[in-house]
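Residues per chain, in single letters:
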Number of protein chains: 2
Amino acid sequence: MTSNTAPDTSMNTDEVYKVLFEFLEQYVSLSDDERAALVSADVIQFVKGGEILIHEGEVVAHGFFVLKGCLRSYYNIHGDEKTTGFCTELENLTPTGLLDGEPSQHFVSALEDSIIIAANKNIEEAVLSAFPKFEKVCRKMAEETVIKQQIDFDTFKTTSPEERYLTLLEKRPDLLQRVSQNHIANYIGITPQSLSRLKSRIFKRS
Amino acid sequence: MTSNTAPDTSMNTDEVYKVLFEFLEQYVSLSDDERAALVSADVIQFVKGGEILIHEGEVVAHGFFVLKGCLRSYYNIHGDEKTTGFCTELENLTPTGLLDGEPSQHFVSALEDSIIIAANKNIEEAVLSAFPKFEKVCRKMAEETVIKQQIDFDTFKTTSPEERYLTLLEKRPDLLQRVSQNHIANYIGITPQSLSRLKSRIFKRS
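The rules behind the values
Residues numbered from 1 in each chain as written. Chains lettered and ligands numbered in written order. Predicted model: local features only at pLDDT ≥ 70, side-chain atom pairs only at ≥ 80, totals over all residues. Heavy atoms only, no water. Helix = DSSP H or I, 4+ residues; strand = E, 2+ residues; numbered from the N terminus. Rg over C-alpha atoms; globule rule 2.2 N^0.38 Å. Buried < 20%, exposed > 50% of the residue type's maximum accessible area, 1.4 Å probe, protein only. Contact = heavy atoms within 4.5 Å. Areas by Shrake-Rupley, 256 points an atom, 1.4 Å probe, with all protein chains shown as cover. Lys, Arg positive; Asp, Glu negative; His and termini not counted. Charge placed at Lys NZ, Arg CZ, Asp CG, Glu CD. Phe/Tyr/Trp six-rings, centres within 6.5 Å; stacked < 30°, edge-to-face > 60°. Lys NZ or Arg CZ within 6 Å of the ring centre and 35° of its normal. Salt bridge = Lys/Arg side-chain N within 4 Å of Asp/Glu carboxyl O. Buried area = accessible area lost by both parts, 1.4 Å probe. Polar contact = N/O pair within 3.5 Å; in protein donor to acceptor, adjacent residues only side chain to side chain. Pairing = 2+ DSSP bridges. Axes fitted to C-alpha atoms, helices over the stretch in contact; angles between N-to-C directions. Parallel < 35°, antiparallel > 145°, perpendicular 65-115°, else oblique. Left-handed = near helix turned anticlockwise from the far one by under 90°. Expected span 1.5 Å × (residues − 1). Arc of directions from axis to C-beta.

1. A few points about the overall build of chain A
- Helix and strand counts for chain A come out as 8 helices and 8 strands.
- Taking 206 residues into account, the globule formula puts the C-alpha radius of gyration at 17 Å, and chain A, at 18 Å, falls close to it.
- Burial status across chain A gives 48% buried among its 206 residues.
- Put simply, of all contacts in chain A between residues at least 6 apart along the chain, 74% involve residues at least 24 apart.
- Surface summary for chain A: the accessible area is close to 10,200 Å², and the carbon and sulfur share equals 52%.
- Between the averaged position of the 22 positive side-chain charges in chain A and that of its 31 negative side-chain charges there is a distance of 9 Å.

The structure is reproduced here in structure tokens:
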């Protein structure tokens, strides 16, 4: 299970909050009270690589924001896994079941030891009610996520698997290093064997 | 061009604002001052069916929210149109270029005579600054949009064209009535001829 103590990563709790505060201060400045409120909300969790954070069928209570590490979202389609997304540093992963409280259609797992914020609606509303300034932060973050998602979705719909791989190579080279080739192949919609041939073709051309 | 007078639709300006206020009051109650601020922001536009709101290559200044009508987002891929989304009543369409102010990669057009809100960042920030209560509305709307988009994206990635058509039939039967079969076929990733055969198969089975 997830834990909010004893990180088995290279960051201690002070360093984790430093990353969080620096991220938030891109949007608004934070007072000491506001920093203290975030610390006391106690929403930071340390998860092990391989750990499953959400199972298919489970009622979803949390959205996730990654401070360090990598999460993967995937579906079980007639016994086969279908990877639909990866989420790394300073990105959020919103499980689809959060909209209406229905059981989750998909899984979320950690691909690496990760440090995440797992905030449920009650905690979010309590912090926002005490510190309305965070409304602006959350609004801007959500608006940015809408556009980034739209770009990803449009790119997926308008490109071939080879073009999707080239887009990852250009825009997310870190992901290609961190994530297994099987997951990457599955994500862009081809078999691992086809990905291998595709990479050979690209390598020969370049 | 778009216009903010003389609607050629079945709604007059009072009725349009009534729809807008009712929608917003799902999130927060509105004072007379707040209603007046929204009216004076003058962001409602009446557009003709067929009108192009954003051209590929144009710098994007506005996001759109549909009060009545239907917008379509599409790309020109080597001379062929690729439809990536439709947007109808009480949905928002965020052009991808809004993230970084780059020229738009895609087009947005009105498929029907439509009544929309076209708000640029300056107007949004001015209204939010005068009435911080709207931060909560915009935050909740954006968070809901993130989840809805994620559901649409995951559905697209994990289904065949036939399953995508069946999903539209179940969840968006109105869209199948309002949008041409060519656009629907293009949206789910097949030719109009294949869509015709697919519909025959579904009809025979039912």
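2. Remarks on the environment of Lys 157 of chain A
- Summarising the element assignment, Lys 157 of chain A is placed in helix 4 (residues 133-158).
- C-alpha separation for the pair Lys 157 of chain A and Asn 182 of chain A, spaced 25 residues apart in sequence, amounts to 21 Å.
- Once residues lying within four places of it in the same chain are set aside, the contact partners of Lys 157 of chain A are Lys 82, Thr 84, Phe 156 and Tyr 187 of chain B.

3. Considerations on the packing of aromatic side chains
- One pass over the structure, following the stated rule, counts 15 aromatic pairs over all chains.
- Aromatic side chains Phe 156 of chain A and Phe 153 of chain B sit 5.9 Å apart centroid to centroid with 70° between the ring planes, which places their arrangement in the edge-to-face category. Of this pair, Phe 156 of chain A sits in helix 4 while Phe 153 of chain B sits in helix 4 (residues 133-158), which puts the two residues in different chains. Here Phe 156 of chain A matches Phe 153 of chain B in class, with each residue buried.
- Measuring from centroid to centroid gives 5.6 Å for Phe 23 of chain B and Tyr 27 of chain B, while their planes differ by 70°, and the two rings are edge-to-face. Comparing Phe 23 of chain B with Tyr 27 of chain B shows no difference in burial state: the two are buried.
- Grouped by ring-pair contacts, the aromatic residues Phe 153 and Phe 156 of chain A together with Phe 153 and Phe 156 of chain B constitute a single cluster.
- One Lys or Arg, Arg 164 of chain A, reaches over the ring of Phe 156 of chain A and ends 3.7 Å from the middle of that ring.

4. A closer look at the pattern of salt bridges
- Applying the stated rule across the entire model yields 36 salt bridges over all chains.
- Taking the shortest distance from any N to any O, the salt bridge between Glu 143 of chain A and Arg 139 of chain A comes out at 3.2 Å. Here Arg 139 of chain A and Glu 143 of chain A lie together in helix 4, a separation of 4 residues that amounts to about one turn.
- For Arg 139 of chain A, a relative accessible area of 0% puts it in the buried group.
- The partner of Arg 172 of chain A in a salt bridge is Asp 174 of chain A, with the nearest N and O atoms 3.0 Å apart.
- With relative accessibility at 30%, the residue Asp 174 of chain A sits in the partly exposed group.
- Residues joined in a network through salt bridges with shared partners are Lys 121, Glu 124, Glu 125 and Glu 135 of chain A together with Lys 136, Arg 139 and Glu 143 of chain B.

5. Side note on the interface of chain A and chain B
- Taken together, the contact pairs 35 residues of chain A with 35 residues of chain B.
- Roughly 3,500 Å² of surface becomes buried between chain A and chain B when both sides are summed, with 63% attributable to carbon and sulfur atoms.
- At the junction of chain A with chain B, the criterion picks out 12 salt bridges.
- As a salt-bridge pair, Glu 125 of chain A and Lys 136 of chain B come within 4.0 Å of each other at their nearest N and O atoms.
- Here chain A is connected to chain B by 18 residue pairs in polar contact (both at pLDDT 80 or more).

6. Remarks on unusual backbone geometry
Residues and elements named next belong to chain A.
- With a phi close to 55°, Asp 42 is a non-glycine residue in the positive phi region.
- Within the secondary structure, Asp 42 is located in the loop between helix 2 (32-41) and strand 1 (44-47).
- Even without a glycine there, the phi angle at His 78 is positive, about 50°.
- Position of His 78 among the secondary structure elements: in the loop between strand 4 (71-77) and strand 5 (80-87).
- On the basis of relative accessibility, which here comes to 78%, the residue His 78 falls in the exposed class.

7. Concerning the sheet that holds strand 2 (residues 52-54) of chain A
All names here are of chain A.
- Pairing is antiparallel across the open sheet formed by 4 strands, whose spatial order is 2-7-4-5. The sheet is open, and its two edges are formed by strand 2 and strand 5, each paired on a single side. Across the sheet, the axes of successive neighbouring strands diverge by a mean angle of 30°, strand direction being ignored.
- Pairing of strand 2 with strand 7 (residues 107-110) involves 2 bridges; the strand directions are antiparallel. Bridge assignment links Ile 52 to a residue of strand 7, and that residue is Ser 109.
- The sheet strands contacting helix 7 (residues 181-188) are strand 4 and strand 5, and the helix crosses strand 5 at an angle near 95°.

8. Some thoughts on the packing of helix 5 (residues 161-171) of chain B against helix 8 (residues 192-205) of chain B
Residue and element names in this part refer to chain B.
- Where helix 5 meets helix 8, the closest approach of the two axes is 11 Å, and the angle between their N-to-C directions is 65°. Here helix 8 runs roughly perpendicular to helix 5, going by the angle between their axes. As for the relative orientation of helix 5 and helix 8, their crossing is right-handed in sense. Of helix 8, the residues touching helix 5 (which contributes Pro 161, Glu 162, Tyr 165 and Leu 166) are Leu 195, Leu 198, Lys 199, Arg 201, Ile 202 and Arg 205.

9. Structural notes on helix 8 of chain B
Residue and element names in this part refer to chain B.
- Between the first and last C-alpha of helix 8 there are 20 Å, a value that for 14 residues agrees with the 20 Å anticipated at 1.5 Å per step.
- Residues of helix 8 that are buried include every one of Leu 195, Leu 198 and Ile 202, and no others. Around the axis of helix 8, the buried residues are gathered within 60° of arc, so they sit on the same side. In this structure, helix 8 carries Gln 193, Arg 197, Phe 203 and Lys 204 as exposed residues pointing more than 90 degrees from its buried face.
- Looking at the packing, one finds that the buried side of helix 8 touches helix 5 and helix 7 (181-188).

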